[in-house]
Structure formats: structure tokens, C-alpha cells
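Now for the letters of each chain:
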Amino acid sequence: MTTLKLAVAVGTASACFVPTGVLAQAPASFGHPPHLERAFQAGISPDSIGERIRALTERPTFPGSPYSEVVAERTLDLFQAWGFDAHIERFVIPFPRAVERRVDLLGPAPFAAALHEPPLPGDPYSAQQDQHLETYFIYGPDGDVTAPVVYANFGLREDYDTLERLGVSVVGRIVLVRAGRMWRGGKVQLASERGAAAVLVFSDPRESGFFDAVPYPEGPGRTPDGVERGSILYGKYPGDPLTPFRPAVPGADRLSIDSADNTVARIPALPLSAADAEPFLAALDGPVVPPEWRGALPLTYRTGPSRSDAHLRVRYEWRDIEIRDVIATLPGSTWPDEWVVRGNHHDGWVYGAQDPHSGHAALLEEARMLGRLYQEGWRPKRTIVFASWDAEEQGVIGSTEWVEAHASHLAANAVAYLNTDVLGPGILGASGSSAWADFATEVAATVTDPASGLSLLERARLAGVESMLGGGAGNSVAYDADAERLRMLPPGYGSDHHSFVSHAGVATLNFGFSGGFSLGAYHTIYDNHAWYSRFGDPGFEYGAAAARLNGVALMRLADAELLPVRFTPLAVALREEVDGARRIYERLRARHEVARSPLGRSAVEAGVRLPVSATRSVPPLDFGMLERALTAVGVAAERYDATRARGSGPAGQERIARANAAVRQVERAFLRPGGLPGRPHYGNEFYSPGRLWDTVPVPALGDAMLDGDWTAATAQLPRVAETLTAIAEAIDQATAALGASR
């Protein structure tokens, strides 16, 4: 409430703040009259969005479920009714189901985990028990493990270092970790590398339960019995694990499950609710954990090992299923081969009202209105492609297979991919390709924030003002006050933009909201219409705001003559990534220097244990070559932006097309030939995930440093510099093409 009051008080003089510096450098026209955007925004209906969420989540929507096919066919029917050329692209993937699951605490006080989410009063969906997907992790191995339990906080690298320092071994033991801070598959992979025999991941109420919110059904918080399902697919490749680099179309050659080196996690794992985890935590001996490790359950958090063994058993039945991507297009009138792609997935872990249908229903509402404008005579200059993806939750499978199926066309002609996923109330934020930051800022200025009545842009700006008045720096996560534009965060991973960014080198944009909604039902049976209509986005107004935002962005990208990019923000973002890698290096070097100092040696002599990673020698690394390449990128970016600002715009369709083709190649230049070390599918030098599917700056270099492989780290520096040089050269080529087209 404080934020909204401040926004109204400070923002009354200007209901649509737009930084003058941004608009001064923006193109004068997007190729269509302004009334079309006004008509589009006016036609967006929150009620329609809410009704589609209800209709598409009547039954569970996980891949292979009976209702999954219904959702795809209904989505296809809608696109066709709205005038799109629409079809379903089908792929075949393995989908294991857990046919046996047990987690027991043995010894004098035995306990059997329920591994079950019960029906709740007032929630008719939770009563459809025979239709729910069981609580398990997909793409894990069979396992039968009996061992003591050790608690490892979130299961991060530094958490294992802390356990080493405390003298607690995880070798051969079952590791119990909290959900959050890193993808669950990375937690399992890292635990296996540290020698653990199995992993249990539980939802602590400090992150998603009663600590922050009243539990469902009274409030939006996670219930004590809520279980976060998920994928733990070994992260060497995204998509179908049996057809790396090629689409999993029916009849395609496939690896066998046993021979695929990226099919399953290395050790067995299961998810637990807070209620199921509590007896295991209560059974732990060992040191009391550091304060930052403590959750909200009513007990003393200790490291373990446990007084009694635990027993984990899981067995899977593997079968092939067909997944369905629904693809719909409005053909371009001027440059039909150029694609602007807009996507959201339609599969949920169970019902998926919030994840993904909050975003999916907004996408459909955009398509309805764009279809109406098309039928009334509007013709986009570029082809608009809508994609309703399947099997995102299992490892961004549907979108990855489609990217692989259309790789050559995307490489040559994709302009941008606009993604959404989970939506709900809050402050607008943007992530994706930093060259689009000013474009995103302009679009955000056109849409009204439902809670404050201000523009989405101004509400984001005022969040920064509030931060400053409260003692912060004045820069919120969402808005960069110094540059007077939305802060374009890195694209990240784990949603359907994943392969567009890291494999195809396509510019991406992801609008979302944060800070105003709960993820208490995330990946549970309670993520359904009953929960979402009360606690997710009551009134569905933010779904409508997202539809207006993405729809305006689609129209402008489809109709813009010269693509609305500026490369100076890109140069700044690349420097931030390199600085992040440098900070990793400086932290590791400083820690090692302390360990080998007289003070550190004295501590060891006094009995203080050091983690192995602190004892490894950290050689000098020459970041100078990266600095020189970054300077070249900055100079090239300023040259392009100045050239763009001076001209009146290119003339002639062929010249415009050549200039835009050169602009698109800048994103492709982020791809390292042959991919990152050991992970050839991931080519984006700066915006691929880390090898644990975590966020690591400059991942090939960052991972090598975090793994203590300094030979590899040294070898990565010139490779990263080569990519930066290629980006600078691509920007210069875009400048030359732009100048030649004027």
C-alpha cells in the first residue's frame, strides 16, 4: 500500500511519464496510425482473460494428460476463429511417471512422508484426486537409498563449503535442501558432485508459506502439505533429451535412454512438503546452522547427520507421449519472411492457472484483438507468429524442439521473441536483449497500471523514488534512474525464451510484474482457478495490462521500418556481465589469500577447518583483453546510435531489409562457434545458463572459476574476447548498412 500511495502523491502531475532522452532518439512512426493501438488496447477484456483461464484449466494440463490435448485443440480453434493461419506441430518425447515413491525416517521414532496433497474446503479442483500428477521430480533415476540425512540449506556451492568448514560430510548421505535460490536440477547435480547418495528438496514456509502469507485456502501462502513438483533433467541440453540438436518429430532417430548422457539426474531425488520435511529436520544432530540457514519451522535447524537413517525409494515407468505446439501466423505484407514471435506455454504441472495460464490467457487475448484488427484491414509489415508451447515445465521442451525444427529460418529472419509466463499484480519489469531497453521503455509508457492509474513506466520509476526516499540509491530493480529507462535485466533461463537466447541468438523481450503476488501455489494442485481468481490476479486486470503491453510491442515491431534498437545499453550490459565475472575472481582470490596468510595458517593450526575450494591456488587472470574488447564494443555502439539519430530513416524496402538484417546479426554474434565447453547446445557467450542451470556471469569463464579449474578459466579469456570483438564488428557492419541505406 505504501508504494501505491506514493505513486499517486508524486505522480498526479504526470500520468504518463516518458524520459525525454528516450523519445528524442525514437523513430517518429511505427508504420501504423496511432488509433490502431488505441483500438487494440480498448478492446482487451479482463473478463475474457479470466474466462479462458477457467476454461483451459478445468482439468490437469500436464503433457500426456487427457485434457492436454483438449487445451491444444481449443487453442487451435480460437486462433483459427480469429483469422490466423494456425496448425499444431507435434513432437514425441519420453515422459516418465513415478510409480513408486517412499521417504521414511527409520529408528525409534519412525515416520513415513505422505508425499500427497489433500483436498481443501472451498477448492473443488483439489478434490479431483484421481486426475492429479503425483508429487515427484521428472527425469530422475530410479533409486533405493538408506543413509543418514544432512541439511545443506539451499544446496549451493557455498553451502557445501560451509558444511566442510563445520566438519560435516555429505558423502554417501541423503541431502535435505530448501527449495529456491537455484534450479532444483542444479541442486541435485551439485549434490551428486559432492558425493551425496540422494536429495530431498522441501518447501520451507520461510520462502513460500506462513512466514510471509496466510496459507491457502484462507490466504495465498503455500499450505503445509504443498509440494513443488519439477524437472531435474541433467542440464547439458534443454529440450527432448533423446534428440539433442534435432527436432523430436514422430519417427525421428533417437538415443536410447541408457546411452543418452543427458537424460536423467545422477542421483535420485524427491520433493517434500514442509509438513513431511519437519520430522527429518527434527531428527538431525550436529552443529546449529548459521542464522541465514534457518527456516520458519518450529525447531532448531541443525546440520546433521541424523540420529537415524532415512530410506528413499523411487521407481519410474517411462513411456513416450506426443506433445503439441500450437502455431498461428498473421502474414506480413512487406517483409513476410521476417518473423516476430510471441510465445507462452500451455502445460502446467497440474492445473497451471497461474503457471502458465495467467500468461497464456493474456497471449490469447492479444491474438484475439490483433486478429480483429487484421480482419478490419490492418496488415502487419512483418509476419507475426504466435506460439502456444507444450512441455515447458519438463525442460522447455516444446519451444526447444520448435527452435531446432526452424533453426535455419530463425537464424536468417527472426526479429525478436516476446515471452511471458507467470503474471500477476506488481511493478513492471523487463528482461531480455538490452539493445531493446529504450523500445521497452516507450511501450511501457503507453499502458496504464491498474492499481495506480499511472502508466506502467511511471509506476516503475516511482518505485525507484520510493527506494531513494527510504534510504536506497534511487534505482529500483525495474527502473534505471540514471539512464531514465526501464532496467533491462539479463534474459535468464528456465522459460520458453531459453533456446531462442542461448541456442539461436534471437533477441528476446520478457515483460512481467513483481512484488505484488504470491507463488504459494507454485507447482502444486492448488495452482487452479479457485486459487488464482482469489489470490493471483483478482479481476484479471494485470493480465489485461500484460496483453496491452505485449500487443503494442508486437504491433510496433511488426510495422517498424528500421528496427527500434540502440546499442549503447547493450555495451553497458556486457560490461556489467564482465564485471560480475571479475567479482567472482576477486572473491575467490581474496579468500585464498586469507587462507594462506599467517592468520589463516594460525586458524588451521587452532583446529579451524577450511573448505577445499579455499585452499586451491588462484593464479593471476588477465582481464585486460576483455577490457580492450569491451571498449571496442562501446565505441561501435556509440557510432551506430549516433548514425541512427542523425538520419531521417532509410528509404526503399530492400535497403531497409538489408539494414535490419545487419542489426539482427548483432544478437547472432553473441553465439560462440561450437558452443560452450562441454555444452555445445549453449552458444550464447553471455546469456546461457551456468552448467548447473544457475545464473553465472560469462558462464564459460564463470563456471570454470567457480569449479576451481583455473586452466580452463585462463583458456576462456581469449575466447570471450573473441566474442566481444565479433559483437563490435557486427555493430560496425550494422552502422555501415544503416549509412548505406540512407
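Residues numbered from 1 in each chain as written. Predicted model: local features only at pLDDT ≥ 70, side-chain atom pairs only at ≥ 80, totals over all residues. Heavy atoms only, no water.

Bringing the pairing of strand β15 (residues 414-419) into the picture now. Counting buried residues in β15 gives 6 out of 6 residues, a clear majority hidden from the surface. The pairing of strand β13 (residues 335-345) with β15 spans 5 bridges and is classified as parallel. Directly across from Val 340, in β15, lies its bridge partner Ala 416. In this structure, β15 lies alongside strand β20 (residues 508-515), joined through 3 bridges in parallel fashion. Residue Leu 418 lies in a different strand from β20, and its bridge partner there is Leu 509. (Buried < 20%, exposed > 50% of the residue type's maximum accessible area, 1.4 Å probe, protein only. Helix = DSSP H or I, 4+ residues; strand = E, 2+ residues; numbered from the N terminus. Pairing = 2+ DSSP bridges.)

On to the packing of helix α10 (residues 357-375) against helix α17 (residues 541-559), then. At a closest axis distance of 8 Å, the pairing of α10 and α17 adopts a crossing angle of 50°. When the axes of α10 and α17 are compared, the pair comes out oblique. Relative to α17, the crossing made by α10 is right-handed. Between α10 and α17, the residues in contact are Ala 362, Glu 365, Glu 366, Leu 370 and Leu 373 and Gly 543, Ala 546, Ala 547, Asn 550, Gly 551, Leu 554 and Met 555, respectively. Split into classes, the residues belonging to the contact of α10 with α17 amount to 7 nonpolar, 3 polar and 2 charged. (Axes fitted to C-alpha atoms, helices over the stretch in contact; angles between N-to-C directions. Parallel < 35°, antiparallel > 145°, perpendicular 65-115°, else oblique. Left-handed = near helix turned anticlockwise from the far one by under 90°. Contact = heavy atoms within 4.5 Å. Nonpolar A, V, L, I, M, F, W, Y, C, P; charged D, E, K, R; others polar.)

So, about the layout of surface pockets. When its volume is computed, the second largest pocket comes out at roughly 660 Å³. Along its surface, the second largest pocket is lined by 30 residues, and Arg 157, Glu 158, Asp 161, Arg 587 and Leu 706 are the ones closest to its centre. A per-element tally of the lining of the second largest pocket places helix α18 (residues 568-596) first, with 5 residues. Residue classes in the lining of the second largest pocket are distributed as 13 nonpolar, 4 polar and 13 charged. (1 Å grid on protein atoms, 1.4 Å probe; cavity = no way out; pocket = protein on both sides within 12 Å on 5 of 7 lines; lining within 4 Å. Points joined across faces, edges and corners; volume = space filled by probe spheres on them.)

This part is about the packing of helix α3 (residues 34-43) against α10. Relative to each other, α3 and α10 sit at 135°, their axes nearing to 9 Å. With respect to each other, α3 and α10 are oriented oblique. Handedness of the crossing formed by α3 with α10: right-handed. Residues Leu 36, Ala 39, Phe 40 and Gly 43 of α3 form the contact with α10, whose own contacting residues are Glu 365, Glu 366, Arg 368, Met 369, Leu 370 and Leu 373. Class assignment of the residues belonging to the contact of α3 with α10 gives a composition of 6 nonpolar, 1 polar and 3 charged.

Now for the confidence of the model for the chain. With 93% of its residues at a pLDDT of at least 70, the chain reaches an overall mean of 92. Across residues 1-28, where pLDDT falls below 50, the model places 54 contacts with residues more than four positions away in sequence or in other chains. (pLDDT = per-residue confidence, 0-100.)

Here we take up the sheet that holds strand β12 (residues 320-330). The strand order across the open sheet formed by 8 strands is β1-β12-β14-β13-β15-β20-β16-β19, and the pairing between neighbours is mixed. Each edge of the open sheet carries a strand with a single partner, namely β1 (85-94) and β19 (488-489). Packing of α10 onto the sheet brings it into contact with β12, β13 and β14 (382-389), and relative to β13 it is tilted by some 145°.

We now examine the packing of aromatic side chains. Taken as a whole and assessed by the stated rule, the structure comprises 32 aromatic pairs. Consider the rings of Trp 402 and Phe 500, whose centres lie 6.3 Å apart with planes at 40°: the pair is tilted. One end of the pair, Trp 402, is in helix α11 (residues 397-405); the other, Phe 500, is in helix α15 (residues 498-504), and 98 residues separate them in sequence. Taking the ring centre of Tyr 234 as reference, the NZ or CZ of Arg 266 above it sits at 4.0 Å. A cation over a ring is seen here: Arg 379 above Tyr 374, with NZ or CZ 3.9 Å from the ring centre. (Phe/Tyr/Trp six-rings, centres within 6.5 Å; stacked < 30°, edge-to-face > 60°. Lys NZ or Arg CZ within 6 Å of the ring centre and 35° of its normal.)

Right, let's get into the pairing of strand β10 (residues 269-272). Side chains Ala 269 and Pro 271 of β10 all project onto a buried face; the interleaved residues Leu 270 and Leu 272 project onto the opposite face, where all are buried too. With 4 bridges connecting them, strand β8 (residues 198-202) and β10 associate as parallel partners. The partner of Val 199 across the bridge, within β10, is Ala 269.

A few words now on empty space enclosed by the protein. Over the atoms rolls a probe the size of a water molecule, and in doing so it shows where empty space is left. This model, assessed by the stated rule, comprises 4 cavities of 30 Å³ or more. Residue lining of the largest cavity: 13 residues in total, with Gly 432, Ser 433, Glu 667, Phe 670 and Tyr 687 positioned closest to the centre. Here the lining of the largest cavity is built from residues that sort into 6 nonpolar, 6 polar and 1 charged. If you trace the second largest cavity, you find it lined by Ala 414, Val 415, Ala 435, Trp 436, Ala 507, Leu 563, Val 565, Phe 567, Val 663, Arg 664, Glu 667 and Arg 668. Every element with two or more residues in the lining of the second largest cavity is listed here: β15 and α22 (653-668). The element best represented in the lining of the second largest cavity is α22, accounting for 4 residues. The class makeup of the residues in the lining of the second largest cavity is 9 nonpolar, no polar and 3 charged.

Under the criterion given, the structure shown has 43 salt bridges. Measuring nitrogen to oxygen at the nearest pair gives 3.7 Å for the salt bridge that ties Glu 722 to Arg 719. Of the two residues, Glu 722 and Arg 719 both sit in helix α24 (residues 710-740), 3 residues apart, roughly one turn of that helix. A network of salt bridges, in which partner residues are shared, links Arg 157, Glu 193, Arg 679, Arg 691, Asp 694, Asp 703 and Asp 707. (Salt bridge = Lys/Arg side-chain N within 4 Å of Asp/Glu carboxyl O.)

Pairing within the open sheet is parallel, and its 4 strands lie in the order β6-β7-β8-β10. Both edges of this open sheet fall to β6 (149-151) and β10, since each of them pairs with a single strand only. Across the sheet, the mean angle from the axis of one strand to that of its neighbour is 25°, orientation sign disregarded. Relative to the sheet, helix α9 (residues 274-282) contacts β6, β7 (174-178), β8 and β10, its axis offset from that of β10 by approximately 110°.

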